[in-house]
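Letter by letter, the chains look like this.
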Amino acid sequence: MKRRRFYNNKNRGRKWTEPEVGRPIDFADKYSDSDKGSNKFVKADNSRSSEFIKRKRAQKKKLTALSIFLAAVLVFTGFFIADVHMQRRAKPVQNSIAAAQKKSAASEISLSFSGRIVPSVALDGGVMLTSVITEAQKDGKTAIMFDAKRADGTIGYLSNLTTVSTFSLISAEGVKPADSFKMIKENDIIPVARVYTYLDNALPKLYDEAALTGKKKLFRDSDGNTYLDPESETAYSYIKDIINELSSMGITDIVLDGCTVNETDYFSKLTSRLNNDIEGELRFYKAVSVELKGFDAESGDINEAGIKNDISKFPKLGENSVLIIKTDLEEESYKAFLEEKGITAYITES
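Residues numbered from 1 in each chain as written. Predicted model: local features only at pLDDT ≥ 70, side-chain atom pairs only at ≥ 80, totals over all residues. Heavy atoms only, no water.

1. Thoughts on the pattern of salt bridges
Counted by the stated rule, this structure contains 13 salt bridges. Note that Lys-141 is salt-bridged to Glu-331, the shortest N-O span being 2.3 Å. Of this pair, Lys-141 sits in the loop between helix 4 (127-138) and strand 2 (143-149) while Glu-331 sits in the loop between strand 14 (321-327) and helix 11 (335-340), and the two are 190 residues apart along the sequence. On the accessibility criterion, Lys-141 (6% relative accessible area) is buried. Taking the relative accessible area as the measure of exposure, Glu-331 reaches 12% and is therefore buried. Residue Arg-194 is joined to Glu-349 by a salt bridge in which the shortest nitrogen-to-oxygen separation is 3.6 Å. Here the residue Arg-194 occupies a position in strand 5 (residues 190-196), and Glu-349 occupies one in strand 15 (residues 345-349), the gap between them amounting to 155 residues. (Salt bridge = Lys/Arg side-chain N within 4 Å of Asp/Glu carboxyl O. Helix = DSSP H or I, 4+ residues; strand = E, 2+ residues; numbered from the N terminus. Buried < 20%, exposed > 50% of the residue type's maximum accessible area, 1.4 Å probe, protein only.)

Laid out in structure tokens, this is it:
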């Protein structure tokens, strides 16, 4: 029996699922000018016309000019932003050099001034301070000094430092230090802050990381005083923070006391670090404490001979030193003798 074929070649190659569209394509269609033909070569020829080329070149020039303009705008904007940033965040080169020279030389300049120590509570920016200034002007004083950090470890001004508040170190403080310093300067008087650096009879007992110890207990000198450890970064940071805070309030002249620990003087090492770490103009002075009684052993009285004898025993001051004279005598009785000895920077303490 002959097998029946279900498929034949009658419609082979036809897409029977899609309807036929268009017309049969003649080979000559590509040369035809009729709109019904493909005419792709004619279009290609037109695209290469001089008018088309000119238009393309003009467009290219415009795009190039626009690109150059945008690039210039971006570069200018970048330089402008960088310049503003440098002006706000960085110091000009010349100013930086001048500031560095000024800062390095600040502690080498010895001012000539005479002043007196006043209680820290006088920094009230009001009546008490006005009285102090009036008295200083009357006596011809050119400086007023207060204790910012005392030998007992307490702080003599209204401080915002965390360590100070944590251990409640503020005592008998000046409540308006910044206003007071400004007021003193306006009266042509130098505000001076005394800071006892390592000599401290409060914090070492409360904060082991800052304390100077020996044989697993607090180090004490012959007078029973305790000290901050000169090799401790915690102790240094505490001292630096106090001085930095005073600087931000307007203080530029700072007398450092209590820098000698166990017969080792740390003044130069400490001031070198402080000058590098703290911005702004600061003048550091080493406190040299003396006592002036003027007692004459031969006569048994307080007289000129006794005053001269005491002053003759005063140590020779360096460029960074200030004499702290503890005395109950009137300044007129010994001022001339101090000048004869070449002492031009001193503070009296009664």
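Here the narrative resumes, following the displayed structure.
2. Thoughts on the nonpolar core
Phe-146, Ile-243, Leu-246 and Leu-256 are the most contacted members of the largest nonpolar core, which has 50 residues in total. Residue contributions to this core peak at 7 residues, all from helix 8 (residues 233-248). Residues contacting Leu-256, with those up to four places away along its chain left out, are Val-195, Thr-197, Ile-243, Phe-267, Leu-270, Thr-271, Leu-274, Phe-284, Tyr-285, Lys-286 and Ala-287. Formed by 13 residues, the second largest nonpolar core is a distinct cluster that contains Ile-311, Phe-314, Tyr-334 and Leu-338. (Core = buried A, V, L, I, M, F, W, Y, C linked by side-chain atoms within 4.5 Å. Contact = heavy atoms within 4.5 Å.)

3. Comments concerning the layout of surface pockets
Within this model, the largest pocket holds a volume of roughly 310 Å³. Those elements that provide at least two residues to the lining of the largest pocket are strand 1 (113-117) and strand 15. Across the lining of the largest pocket, the residue classes tally to 3 nonpolar, 3 polar and 8 charged. (1 Å grid on protein atoms, 1.4 Å probe; cavity = no way out; pocket = protein on both sides within 12 Å on 5 of 7 lines; lining within 4 Å. Points joined across faces, edges and corners; volume = space filled by probe spheres on them. Nonpolar A, V, L, I, M, F, W, Y, C, P; charged D, E, K, R; others polar.)

4. Observations regarding the side chain of Asp-124
By secondary structure assignment, the location of Asp-124 is in the loop between strand 1 and helix 4. There is no salt bridge for the buried Asp-124, and the closest opposite charge comes from Lys-176, which lies 8.1 Å off by N-O distance. A distance of 3.1 Å separates a polar atom in the side chain of Asp-124 from the backbone nitrogen of Leu-129. With near-sequence residues (within four places) excluded, Asp-124 lies in contact with Leu-129, Val-175, Lys-176 and Ser-180. (Lys, Arg positive; Asp, Glu negative; His and termini not counted. Polar contact = N/O pair within 3.5 Å; in protein donor to acceptor, adjacent residues only side chain to side chain.)

5. Overview of the packing of aromatic side chains
Within this structure, the stated rule accounts for 5 aromatic pairs. With a centroid separation of 6.1 Å and 85 degrees between ring planes, the pair formed by Phe-113 and Tyr-285 is classed as edge-to-face. Residue Phe-113 is located in strand 1, and its partner Tyr-285 is located in strand 11 (residues 283-292); the two are separated by 172 residues in the primary sequence. The ring of Tyr-236 carries the charged tip of Arg-273 above its face, separated from the ring centre by 3.7 Å. (Phe/Tyr/Trp six-rings, centres within 6.5 Å; stacked < 30°, edge-to-face > 60°. Lys NZ or Arg CZ within 6 Å of the ring centre and 35° of its normal.)

6. Quick word on a nonpolar patch on the surface
There is a patch of nonpolar side chains on the surface, built from Leu-66, Phe-69, Leu-70 and Val-73 and spanning about 370 Å² of accessible area. Here Phe-69 shows up in helix 2 (residues 50-89). A residue is classified by how much of its surface remains accessible, and Phe-69, at 53% relative accessible area, is exposed. (Patch = residues over 30% accessible without salt bridge, like charges linked within 9 Å, V, L, I, M, F, W, Y side chains within 5 Å. Areas by Shrake-Rupley, 256 points an atom, 1.4 Å probe, with all protein chains shown as cover.)

7. A look at unusual backbone geometry
Negative phi is the rule for most residues except glycine; trans is the rule for most peptide bonds. Even without being a glycine, Asn-262 presents a positive backbone phi close to 50 degrees. Mapped onto the fold, Asn-262 is located in the loop between strand 9 (260-261) and strand 10 (264-265). At Glu-263, a position not held by glycine, the phi torsion is positive, near 70 degrees. Mapped onto the secondary structure, Glu-263 falls in the loop between strand 9 and strand 10.

8. Things to note about the packing of helix 4 against helix 6 (residues 177-186)
Between helix 4 and helix 6, the least distance of the axes is 11 Å, while the angle of their chain directions is 30 degrees. One way to sum up the angle between helix 4 and helix 6 is to call them roughly parallel. For the element pair helix 4 and helix 6, the recorded crossing hand is right-handed. Note on element contacts: helix 6 touches helix 4 through Ser-180, Met-183 and Ile-184, opposite Leu-129, Thr-130 and Ile-133. Class assignment for the residues of the contact of helix 4 with helix 6 results in 4 nonpolar, 2 polar and no charged. (Axes fitted to C-alpha atoms, helices over the stretch in contact; angles between N-to-C directions. Parallel < 35°, antiparallel > 145°, perpendicular 65-115°, else oblique. Left-handed = near helix turned anticlockwise from the far one by under 90°.)

9. Digging into the side chain of Ser-232
By secondary structure assignment, the location of Ser-232 is in the loop between strand 7 (217-218) and helix 8. A distance of 3.2 Å separates a polar side-chain atom of Ser-232 from the backbone nitrogen of Thr-234.

10. Details of helix 9 (residues 267-277)
Since the α-helix advances by 3.6 residues per turn, residues separated by three or four positions end up pointing in the same direction. By the burial criterion, the buried members of helix 9 are Phe-267, Leu-270, Thr-271, Leu-274 and Asn-275. Seen along its axis, helix 9 keeps its buried residues to an arc of 130 degrees; they face one direction. Exposed residues lying more than 90 degrees from the buried face of helix 9 are Ser-268 and Asn-276. (Arc of directions from axis to C-beta.)

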